[in-house]
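# Per-entry structural report
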Amino acid sequence: MSFHLSINLLGIINLVTFLFSIPILVAGIWLGKSAVMECGLTADTAVISIGVLIMIVSLAGFIVSCCRVYWLLWAYLVLLLILILFGLSLTVLTFVVSNKGSGEALPGKGYKEYKLGNYSSLIRKIVNETQNWNQIKTCMVDTKVCTSFNQKYLNDTVEKFHKERLSAIQSGCCKPSNDCGFTYRSPTNWTEEKGVYSNPDCKAWDNDPKVLCFDCQSCKAGVADIVKHTWKKEATINVVFLSFLIIVHCIGCCAFRNNLRDNAYNNQKWRL
C-alpha cells in the first residue's frame, strides 16, 4: 500500500467517523436532558465525552490527510498513541472498580438488598461525599422516585410485595431494610415494631415521603449499584472507541512507514 493510498484511506475513515460523532453527541445531550435519567447517574457525560473525542480525533486526522505534511502526521500518531494508552488504562481501572459489589438475595423474596461495604472504595467515596449525596437525594425526592414506586405496588398484599423484583433504588431507598422486621401497610408505609435494631437504617426510616430511607446506608448502596453498572457500560463503550482508535492508528502508521520508504526510494533514485 503506497503512502498516497494509505493517507487517502486515513482521510476517508476520519471523514466518516467525524460524521458518525454527530449523532453520538446528539444522543448524549438528549440523555442529559431526559426526565427518565437516574438523577445524573446515567452515562450521558461519557457518551458526550466520547462523541467530542471522536470528533476531535477525526477532524485532526482529516486535516493531516489533506495537508500530507510528514511531521504533522508524526505528531498526530504520537498524540493518538498517548490517547490510546490513557484510554486503555482508564478502561482497565473502570472494569476493576465496577467488578466488585452486588445485591444480596433474600430467602423467599423477589428483591435483593444492598450493602454499601460490598462495593469498591472509590464508588463508596463518591457516594458518601456529602455534596454528591445531597444532590442525589434531592433529585430522588424531586423526581418522586418512591412515589411512583408506591403507586405501582400500592395494591400488593405483603406476600405479593415480597415477590416483586425491585430495582436497587426501590429496594434501598423506598422501603425499610428486611433486618428491621417492620409491619407492611403499603410499599412506603410501614409500622415500626418495638425492639433493639442492629441495623442503623431501621432508625433512619420514616414514612414521610420526603424522608423514607433516603438517609439509609442501603439507599447509598442502591445508588452505588447504579454507579457500578453505569461505569461498566461506559467501559464497554470505551472498548469500542479504543478499537476504532487502534485501527486509525494502524492505518496512520502504515502511511508513515510508506512515506519513509517512498522518501528513501526517491533519495536513492536521485543519487543514481
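Our subject is the structure that appears above.
Since the structure is predicted, the reported quantities are computational estimates derived from the model, not experimental observations.

Parameters at a glance
Residues numbered from 1 in each chain as written. Predicted model: local features only at pLDDT ≥ 70, side-chain atom pairs only at ≥ 80, totals over all residues. Heavy atoms only, no water. Helix = DSSP H or I, 4+ residues; strand = E, 2+ residues; numbered from the N terminus. Buried < 20%, exposed > 50% of the residue type's maximum accessible area, 1.4 Å probe, protein only. Areas by Shrake-Rupley, 256 points an atom, 1.4 Å probe, with all protein chains shown as cover. Lys, Arg positive; Asp, Glu negative; His and termini not counted. Salt bridge = Lys/Arg side-chain N within 4 Å of Asp/Glu carboxyl O. Contact = heavy atoms within 4.5 Å. Phe/Tyr/Trp six-rings, centres within 6.5 Å; stacked < 30°, edge-to-face > 60°. Disulfide = S-S within 2.5 Å. Pairing = 2+ DSSP bridges. Arc of directions from axis to C-beta. Core = buried A, V, L, I, M, F, W, Y, C linked by side-chain atoms within 4.5 Å. Polar contact = N/O pair within 3.5 Å; in protein donor to acceptor, adjacent residues only side chain to side chain.

### Some thoughts on the overall build of the protein chain
Along its length, the protein chain carries 10 helices and 4 strands. Mapped in sequence order, the helices and strands of the protein chain form the string α-α-α-β-β-α-α-α-α-α-β-β-α-α. Taken over 272 residues, the protein chain has a buried fraction of 42%. With an accessible surface of roughly 15300 Å², the protein chain has 64% of that area assigned to carbon and sulfur atoms.

### So, the side chain of Glu164
The residue Glu164 is located in the loop between α7 (158-163) and α8 (168-173) in this model. The buried charged residue Glu164 lacks any salt bridge, with Lys160 as its nearest oppositely charged partner at 4.9 Å. In contact with Glu164, not counting residues within four places along its chain, are Gly110, Tyr111, Tyr153 and Asp156.

### Quick word on the packing of aromatic side chains
Following the criterion strictly, the structure yields 8 aromatic pairs and no others. For the pair Phe149 and Tyr153, a centre-to-centre distance of 5.5 Å together with 65° between the ring planes defines the contact as edge-to-face. For the pair formed by Phe149 and Tyr153, the shared burial category is buried. With a centroid separation of 5.7 Å and an interplanar angle of 80°, the aromatic rings of Phe182 and Tyr197 are classed as edge-to-face. Separated by 15 residues along the polypeptide, Phe182 in the loop between α8 and β3 (183-186) and Tyr197 in the loop between β4 (189-191) and α9 (201-204) bring together distant segments of the chain. Each member of the pair Phe182 and Tyr197 is classed as buried.

### Examining the state of the cysteines
Applying the stated criterion across every chain, the model contains 4 disulfides. Between Cys146 and Cys174 runs a disulfide, and the two sulfur atoms are separated by 1.9 Å. A torsion of -80° about the S-S bond marks the disulfide between Cys146 and Cys174 as left-handed. Here Cys174 lies in the loop between α8 and β3 and Cys146 lies in helix α6 (residues 145-152), a separation of 28 residues in the sequence. The residues Cys146 and Cys174 share a single accessibility class, namely buried.

### Focus on the pairing of β3
Strand direction decides the pairing type here: β3 and β4, joined by 3 bridges, are antiparallel. In the strand pairing of β4, Ser186 is matched with Asn189. Hairpin connection between β3 and β4: a loop of 2 residues separates the two successive antiparallel strands.

### Topic: α6
Turning to α6, its buried residues are Cys146, Phe149 and Asn150. Here the buried residues of α6 occupy an arc of 100° about the axis, which is enough to place them on one side. Among the exposed residues of α6, those oriented more than 90 degrees off its buried face are Gln151 and Lys152.

### Regarding the nonpolar core
Core analysis: the biggest nonpolar cluster contains 38 residues, and Met140, Phe161 and Val223 have the highest contact counts within it. Every element with two or more residues in this core is listed here: α4 (121-128), α5 (130-142), α6, α8 and α10 (217-271). Considering every element that reaches this core, the biggest residue donor is α10, with 7 residues. Beyond its immediate chain neighbours, meaning those up to four positions away, Phe161 contacts Tyr111, Phe149, Tyr153, Asp156, Leu166, Lys175, Tyr184, Pro187 and Trp190. Core analysis: the second largest hydrophobic core is formed by 15 residues, Ile50, Leu242, Phe244 and Ala255 among them.

### Points about the side chain of Gln170
Relative to the helices and strands, Gln170 is located in helix α8. On the basis of relative accessible area, Gln170 is assigned to the buried category, the value being 15%. Polar contacts involving the side chain of Gln170 include one to the main-chain amide nitrogen of Ser167, which spans 3.0 Å. Those residues within four positions of Gln170 in sequence are excluded, and the remaining contacts are Phe149, Tyr153 and Lys175.

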